[in-house]
Amino acid sequence: MNTPVTVATFTSNFDMKYILFKEMLDEAGIEYMLVNEITSTIDGIFRGSPTNIGIELRVMEENLQEALEILNSIQ
């Protein structure tokens, strides 16, 4: 069974590594999903909003190795 796996967590959607990683995944044809992107963006606006929420970028297990290679190339 192919399940989504978190490849990286970013603290902001303005992080250049986050932006570059998404662009490189798009170029490689690797589909990904983002978890907490909206929540992370509005963090601090709502009282009681957790401050440690990160944006999780997930890919399917079958694409994990290639996604990790891409991530490691930009770090």
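Because the structure is a prediction, the values reported are computed rather than measured.

### Some points on the overall build of the chain
Right, on to step 1. Each helix and strand in the chain was counted, giving three helices and three strands.
Right, on to step 2. The secondary structure elements of the chain, listed N-terminal to C-terminal, are β-α-β-α-β-α.
Right, on to step 3. The buried share of the chain, reckoned over its 75 residues, is 25%.
Right, on to step 4. Residue pairs in contact within the chain that sit at least 24 positions apart in sequence constitute 68% of those at least 6 positions apart.
Right, on to step 5. A total accessible area of about 5,100 Å² is found for the chain, and carbon and sulfur atoms account for 52% of it.

### Remarks on the side chain of Lys22
Right, on to step 1. You can see Lys22 is positioned in helix 1 (residues 16-28).
Right, on to step 2. Although Lys22 is buried, it forms no salt bridge, and the closest oppositely charged side chain is Glu37 at an N-O distance of 4.1 Å.
Right, on to step 3. The contact partners of Lys22, leaving out residues within four places of it in the chain, are Tyr32, Leu34, Glu37 and Leu57.

### Examining the packing of aromatic side chains
Right, on to step 1. Summed over the entire model, instances satisfying the criterion amount to two aromatic pairs.
Right, on to step 2. An angle of 50° between the planes, with centres 6.4 Å apart, marks the rings of Phe10 and Phe21 as tilted. Taken together, the residues Phe10 in strand 1 (residues 4-10) and Phe21 in helix 1 connect sequence positions 11 residues apart.
Right, on to step 3. The exposure class assigned to Phe10 is buried, which follows from its relative accessible area of 7%.
Right, on to step 4. Three or more aromatic residues joined by ring pairs form one cluster here, namely Phe10, Tyr18 and Phe21.

Parameters and conventions
Residues numbered from 1 in each chain as written. Predicted model: local features only at pLDDT ≥ 70, side-chain atom pairs only at ≥ 80, totals over all residues. Heavy atoms only, no water. Helix = DSSP H or I, 4+ residues; strand = E, 2+ residues; numbered from the N terminus. Buried < 20%, exposed > 50% of the residue type's maximum accessible area, 1.4 Å probe, protein only. Contact = heavy atoms within 4.5 Å. Areas by Shrake-Rupley, 256 points an atom, 1.4 Å probe, with all protein chains shown as cover. Lys, Arg positive; Asp, Glu negative; His and termini not counted. Salt bridge = Lys/Arg side-chain N within 4 Å of Asp/Glu carboxyl O. Phe/Tyr/Trp six-rings, centres within 6.5 Å; stacked < 30°, edge-to-face > 60°.

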